[in-house]
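# Structural characterization, general
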Amino acid sequence: MTNTYHTDSHHMGRRSLHKDYRWPGIYHVTMTVSDRRQQPLGRIVGDVSKADGDPDAPRVELSEVGRMVEQELLQSIKGHYSMVEVQDYVIMPDHVHAIIAVKAAIVSKSGRQTHLGQVISGFKKGCSRRYWEMTGQTAELQWGNPTAAGSHLEPITAAGSQPAPAAAAGSHLESITAARTHLEPITAAGSQPAPAADEQRGNPIATSSADVQRAAGSPQSYVKIPSRTTTGRQPLFSDGYVDVMPIEEGQLETQRAYIHNNPRNRLLRSREHSSLHIQRGGIDTALRISALQGYLQRECGSQYDADRWQMMSSRLLQREGMVDCDSFGDRDLLKGKLLPVVCHRKDLRDFGKQKTACLEAARRGAILVSAHISKGEQEIINAVMDEELPVVSVDDNGMGELYHPSERRMTLCAEKKLLIMTPWVYKYRPAEEDITVVECKTMNCVAQALCRQRDDWWKNT
């Protein structure tokens, strides 16, 4: 069984074990900055009440460092790998999302076959070098009184090109917010192609001393900046990246929409901070670990054994011998009348009655709780959500540090119509990996325990 209800997983810094990154495909790549507290790439501005296209709609106002990253993203990757195209992207204050199309096997200018990881590594190394120069982290400069660390300098471009124009405060950055537009690399008039990459190190830009002299405002001699390993300087981006390869067009459009709505979702989360953030533990599920184990032994038959229990229970959130849960959304929903939604094969003939009973209960004020695993459960929960009635979702994976729901679920959480819960510690799970019967039964048990109600309640209505 596969849970197809939502597409919120963000496997930060991990790659699919089943994907060959040397071959063509379309990837959603996410790169985060090393120190997310600093928000070095810009800031979110605008009004969440304004629709897209309005001058005051949510958008990213890039810093000078952010504009440099944008320039690198659009120029350097395409300049060194003609078969790799950045189609859509958004540069957020602390991370970058991009839809990258690999049109043919990735081959460097020297003719060496490589992979997407090397392309991204080279991009990040180039950004770090320019970031160090822009912020004055040039310990080996030989002139006196070098620019102080932290100063803001204009982005450095390839020899002969002009710096990218500064973004006006509050300006609408078309290339960032119009996520559905296929973007072509931008080259300033009169500029020369970027220097060839150092293929062994994956460095997309070999910055010249003249570039650094221009940035520092001095014509004097310059000693090349040593690498990160000899200076201990923190790179701009952290190691690793996340990828998603949409298999169908519908999945690709979902990823494009996610990128496009990043600024709006960030503003929405800051406005509704009381409910739009992860709350760790503290939910009274009334489910003892020992009781869950006994339930699984009875319900799962041959699917259950000591090894499977040991593996699964190590991922369960636990507090004082009880199953606990993390959540995202308004926990006040748990104060209402809760009813579990679990569809069993043995009740398939009575599905119509079950759906009707669930909808009528929700309309009367009950809050439905479900892991929405089976098609029947998904159909019932989707029907309730379509009527904008509140639900509690028991999800099949934990909430990592960078967890955020899809746009629809985020909006419902903000409107206090959805509470997302999970009894699991986060685990990287490729999209094609199914959840097990034991995991499904565990989530259904959690749903019933939360409601203090058996899942066949609807038979008596």
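Please refer to the structure placed before this passage.
Just so it is clear, the structure is predicted and the values come from calculations on it, not from any experiment.

About the thresholds
- Residues numbered from 1 in each chain as written.
- Predicted model: local features only at pLDDT ≥ 70, side-chain atom pairs only at ≥ 80, totals over all residues.
- Heavy atoms only, no water.
- Helix = DSSP H or I, 4+ residues; strand = E, 2+ residues; numbered from the N terminus.
- Polar contact = N/O pair within 3.5 Å; in protein donor to acceptor, adjacent residues only side chain to side chain.
- Contact = heavy atoms within 4.5 Å.
- Core = buried A, V, L, I, M, F, W, Y, C linked by side-chain atoms within 4.5 Å.
- Buried < 20%, exposed > 50% of the residue type's maximum accessible area, 1.4 Å probe, protein only.
- Disulfide = S-S within 2.5 Å.
- Expected span 1.5 Å × (residues − 1).
- Arc of directions from axis to C-beta.
- Pairing = 2+ DSSP bridges.
- Axes fitted to C-alpha atoms, helices over the stretch in contact; angles between N-to-C directions.
- Salt bridge = Lys/Arg side-chain N within 4 Å of Asp/Glu carboxyl O.
- Phe/Tyr/Trp six-rings, centres within 6.5 Å; stacked < 30°, edge-to-face > 60°.
- Lys NZ or Arg CZ within 6 Å of the ring centre and 35° of its normal.

## Describing the side chain of D324
Here D324 shows up in the loop between β8 (322-323) and β9 (326-329). For D324, the side chain forms a polar contact with the main-chain nitrogen of I283, separated by 3.0 Å. A polar atom in the side chain of D324 sits 3.1 Å from the side chain of R319. Those residues in contact with D324 that sit more than four places away from it in its chain are G281, G282, I283, T285, L317, Q318, R319, T422 and P423.

## Structural notes on the nonpolar core
Grouped together as the largest cluster of nonpolar side chains are 43 residues, with contacts concentrated most on V69, I100 and F237. Ranked by residue count, the leading element in this core is helix α2 (residues 116-134), at 8 residues. Setting aside residues no more than four positions away along its own chain, I100 makes contact with G25, I26, Y27, V29, V84, E85, V86, L116 and I120. Core analysis: the second largest hydrophobic core is formed by 34 residues, L287, L316, L338 and L419 among them.

## So, the state of the cysteines
Applying the stated criterion across every chain, the model contains 0 disulfides. With no disulfide of its own, C445 lies 9.9 Å from the sulfur of C300, the closest cysteine sulfur.

## Considering α2
Between its terminal C-alpha atoms α2 stretches 27 Å, which fits the 27 Å expected from 19 residues at 1.5 Å a residue. Burial analysis of α2 places 17 of its 19 residues in the buried class, the great majority of the element. Downstream of α2 by one or two residues, G136 has phi in the positive range, about 75°.

## Thoughts on helix α9 (residues 306-313)
Regarding α9, the residues found buried are W309, M312 and S313. Along α9, the residues classed as buried sweep out an arc of 90° about the axis, all on the same side. Exposed positions of α9 whose direction lies more than 90 degrees from the buried face are D307, Q310 and M311. Elements in contact with the buried residues of α9: α8 (289-300), β7 (318-319) and α13 (437-451). Residue D305 occupies the N-cap position of α9, its side-chain oxygen lying 3.1 Å from the main-chain nitrogen of D307.

## Considering the sheet that holds β9
Taken together, the 6 strands give an open sheet; going across it, the order is β6-β9-β13-β12-β11-β10, and neighbouring strands pair in mixed fashion. Every interior strand has two partners, whereas the edge strands, β6 (278-279) and β10 (338-340), have only one. As judged from the 4 bridges shared by β9 and strand β13 (residues 418-422), these two strands associate in the antiparallel manner. By the bridge assignment, S327 is partnered in β13 with M421. Helix α12 (residues 407-414) contacts β9, β12 (391-394) and β13 of the sheet and is inclined by roughly 115° relative to β13. Contacting β10, β11 (367-370), β12 and β13, α13 crosses the sheet at an angle of about 150° to β10.

## Structural notes on the pattern of salt bridges
Inspection of every chain in the model, using the stated rule, returns 24 salt bridges. Its salt-bridge partner being E415, residue K417 comes within 3.7 Å of it at the nearest N-O pair. On the basis of relative accessible area, E415 is assigned to the partly exposed category, the value being 42%. The structure contains a network of salt bridges with shared partners spanning D88, E253 and R256.

## A few points about the packing of aromatic side chains
Geometrically, a pair of aromatic rings is defined through the distance of the ring centres and the angle of the planes. In total, this model carries 3 aromatic pairs according to the counting rule given. Note on F123 and F237: the rings are 6.0 Å apart at their centroids and 40° apart in plane angle, and the pair reads as tilted. Placement of the pair is F123 in helix α2 and F237 in the loop between α5 (228-231) and α6 (249-260), with a sequence separation of 114 residues. Residue F123 shares its accessibility class with F237, and that shared class is buried. Ring geometry for Y304 versus W309: centroids 6.5 Å apart, planes at 45°, classification tilted. One Lys or Arg, R233, reaches over the ring of W132 and ends 4.0 Å from the middle of that ring.

## Considering the pairing of strand β5 (residues 95-102)
With 8 of 8 residues buried, β5 lies mostly within the body of the structure. Side chains H95, H97, I99 and A101 project from β5 onto one buried face, and the interleaved V96, A98, I100 and V102 project onto a second face that is buried too. Note: strand β1 (residues 25-32) against β5, 8 bridges, orientation antiparallel. Pairing of H28 across the sheet is with I99, part of β5. Direction of pairing for strand β4 (residues 84-91) relative to β5: antiparallel, over a ladder of 7 bridges.

## Thoughts on the sheet that holds β4
Taken in spatial order, the 3 strands line up as β1-β5-β4 in an open sheet, and their pairing is antiparallel. The open sheet has two edge strands, β1 and β4, and neither has a second partner. When the angles between neighbouring strand axes are averaged without regard to direction, this sheet yields 20°. Across the sheet, α2 touches β1 and β5, and the angle it forms with β1 is around 35°.

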